Amino acid sequence: MKFIKTHISLIFPLVAILLGLEFFIVFDRTTDSFEKSLQNGYSMMVVSKNEMSIDDFKAWDEHIEQVIELEKNKILERLDMNKDEVKKKKFAASLPNFYSLKLDEYVTVSELEGVKSNLEKSENILSIENFHSSYQSKYELFSFIKLAFQTFIIFMSIIGFFLIVKQMEVWNFLHAQRMKIMEIFGASLFLRSKVLINMAFIDAVISALITSTIFYAIQNIWVRGSQMEILKDNVEAMFSFSDVIILLVASIVVVMIAVYLVVVNVKEE
Amino acid sequence: MSNVIAANNLTLSYDNEDVIIKNANFSIKKGDFVFITGPSGSGKSTLLKSFYGNLSIDDGSLVVGGLDMVNIKKDKLQELRSHLGIVFQDYRLINEWTVEKNVVLPLWISGYSEDVQTTQAERLLHHVKLSGKEKKYPMELSGGEQQRVGVARALAKNPFLILADEPTGNLDEYSSNVIWDLMENACHQLDTTVVVVTHHIPVVFNIPYRHFTIDENGSVYEIH
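Worth saying up front: this structure is predicted, and the values here are computed from it rather than measured. (Residues numbered from 1 in each chain as written. Chains lettered and ligands numbered in written order. Predicted model: local features only at pLDDT ≥ 70, side-chain atom pairs only at ≥ 80, totals over all residues.)

1. Description of the overall build of chain B
Right, so step 1: When its secondary structure is counted, chain B shows seven helices and 10 strands.
Right, so step 2: Projected onto its principal axes, the C-alpha coordinates of chain B cover approximately 50 × 40 × 35 Å.
Right, so step 3: The buried share of chain B, taken over its 224 residues, is 42%.
Right, so step 4: Put simply, of all contacts in chain B between residues at least 6 apart along the chain, 69% involve residues at least 24 apart. (Helix = DSSP H or I, 4+ residues; strand = E, 2+ residues; numbered from the N terminus. Buried ≥ 20, exposed ≤ 12 C-beta atoms within 10 Å, placed from the backbone. Contact = placed C-beta atoms within 7 Å.)

Below, the structure is given as structure tokens:
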């Protein structure tokens, strides 16, 4: 019982920290692809007097990445011109140029306004529609979810951190006497901390495996069976083998720092 | 004969404030058995601590086993300590380790093989009359038995110097006699230097010894 308690008291905070880390990694990865899909699905409409190339647009704002010209013929086809070619040509000549612009990243609402006002400086541009309100509602919802999640991750990590500090105090109580005796008999820092290192290392590996298992289960049981498209689209981004390595390394680094701090703070009597 | 310990104007204090030992001059040679006595709080244990580098030296010089204890580096201090046998009044055994593992601690630190450790533990526990208690834990032994484990640990690596801080302070007569016998033998048969801090020199002591005393002012004298 004592053995289990000793291990659980380190494994629990470690798992909390690792869950926070993995949530952060997964969230960063999935929001990245979500941001890309939002970015791809968004375009701004520009009407200009004369034809404009991508370089012309870029000269006004660096965020412009792609320019798609909306063909006048397609607009004319939609209008009933009684198949009068002369009328059609005359009308086509009088029509301005229509462009759909794509941006290089998922910009903030104020940056979007900035792009609009930069383009408005061009005398060639007659009108710009940036679909501000639909963009804003998506952006605000996305930002809110991101902030809520990040707050949760930070909160979890802080709790985990304090539990580890508490565990360090317990270690100090349990191991200080042995380490002091060993120091008197000439044991090196490594030998003195060997017992603690072994224990902490095992707990670090167990914690990384528990966290990996949790995420593997989330990916393969919950997300794959979920009805939410956004989750299904990002199922592969949820968890990968490289995450196990990241968790293992992070876990070992955290416990070794904790062990080192305990060991160097044990002073001889 | 070469000096195992040499102090020259040695001054010791706690936190550079209360001077405990003042300008002490003495030398202890190989094979000497030395008792250090003095009133409570006179600095006997403090002096002993300085011999194994547990206390920084304020002034003067102290050489132990040929090493300058004023400027000793960490690795050298570790090496020196691994060749010392130290016995404490409060035993200082590792409670979560068995008696056998406690006894061979100095051998384990120096990386001796498990076979050597087991053989040596058996031999030492026989010497201290604790055969059969190898797998017990310190808390399962009496005070006298625990101190005998402490002495066995101190002898484990055949140290050139044994430092004992009131080794029989809390013990019954039987355990005290066993411990004095072991120390006498170490000194007489193995030519080990032994320094013992104590309140009382045993009435019956079978080998020649030197007697240092510390007065209330922190001066160290040898009584002839």
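Now, onward.
2. Some points on the interface of chain B and chain A
Right, so step 1: Residue-level contacts link 12 residues of chain B with 10 residues of chain A.
Right, so step 2: Contributing elements (two or more residues each) for the side of chain B that touches chain A: helix H2 (74-81) and helix H4 (105-109) of chain B.
Right, so step 3: Here the residues of the side of chain B that touches chain A sort into six nonpolar, three polar and three charged. (Nonpolar A, V, L, I, M, F, W, Y, C, P; charged D, E, K, R; others polar.)

3. Notes on unusual backbone geometry
Residue and element names in this part refer to chain B.
Right, so step 1: Phi is positive for Tyr91, which is not a glycine, with a value near 65°.
Right, so step 2: A positive phi is found at Asp191, a non-glycine position, where the angle reads about 60°.
Right, so step 3: Checked against the element boundaries, Asp191 lands in the loop between helix H7 (173-190) and strand S8 (193-197).

4. With respect to the domain arrangement of chain A
Right, so step 1: Annotation of chain A at the domain level lists domain 1 (2-37 + 137-264) and domain 2 (43-130).
Right, so step 2: A straight line from the C-alpha centre of domain 1 of chain A to that of domain 2 of chain A covers 50 Å. (Domains from an automatic or database assignment.)

5. Overview of the sheet that holds S8 of chain B
Whether parallel or antiparallel, the strands of a sheet pair through hydrogen bonds between backbone atoms.
All names here are of chain B.
Right, so step 1: Within the open sheet, the six strands sit side by side as S6-S7-S8-S3-S9-S10. Their pairing is mixed. The open sheet has two edge strands, strand S6 (84-87) and strand S10 (220-223), and neither has a second partner. Taking the axes of each pair of neighbouring strands and ignoring which way they run, one obtains an average angle of 20° across the sheet.
Right, so step 2: Relative to S8, strand S7 (residues 161-165) is paired through five bridges, and the arrangement is parallel. Of the residues in S8, the one forming a bridge with Asp165 is Val197.
Right, so step 3: Against the sheet, helix H6 (residues 143-155) touches S6 and S7, its axis set at about 170° to S6. (Pairing = 2+ DSSP bridges. Axes fitted to C-alpha atoms, helices over the stretch in contact; angles between N-to-C directions.)

6. Observations regarding the environment of Ser2 of chain B
Residues and elements named next belong to chain B.
Right, so step 1: Along the polypeptide, Ser2 turns up in the segment before strand S1 (3-14).
Right, so step 2: Considered as a pair, Ser2 and Gly31 are 29 residues apart in the sequence and their alpha carbons are 9.8 Å apart.
Right, so step 3: Residues within four places of Ser2 in sequence aside, it is in contact with Lys29 and Lys30.

7. Some remarks on helix H1 (residues 44-51) of chain B
All names here are of chain B.
Right, so step 1: For H1, the tally of buried residues reaches six of eight residues, placing the bulk of the element in the interior.
Right, so step 2: Among the residues making up H1, those that are buried are Lys44, Leu47, Leu48, Lys49, Ser50 and Phe51.
Right, so step 3: One or two positions beyond H1, positive phi appears at Gly53, with a value near 70°.

8. Thoughts on the packing of helix H7 (residues 189-223) of chain A against helix H10 (residues 241-264) of chain A
All names here are of chain A.
Right, so step 1: Taken N-terminus to C-terminus, the directions of H7 and H10 make an angle of 150°; their axes are 8 Å apart at the nearest point. Compared by their axis directions, H7 and H10 come out roughly antiparallel. Note on packing geometry: the crossing formed by H7 with H10 is right-handed.
Right, so step 2: In terms of residue class, the contact of H7 with H10 is built from 18 nonpolar, five polar and three charged. (Parallel < 35°, antiparallel > 145°, perpendicular 65-115°, else oblique. Left-handed = near helix turned anticlockwise from the far one by under 90°.)

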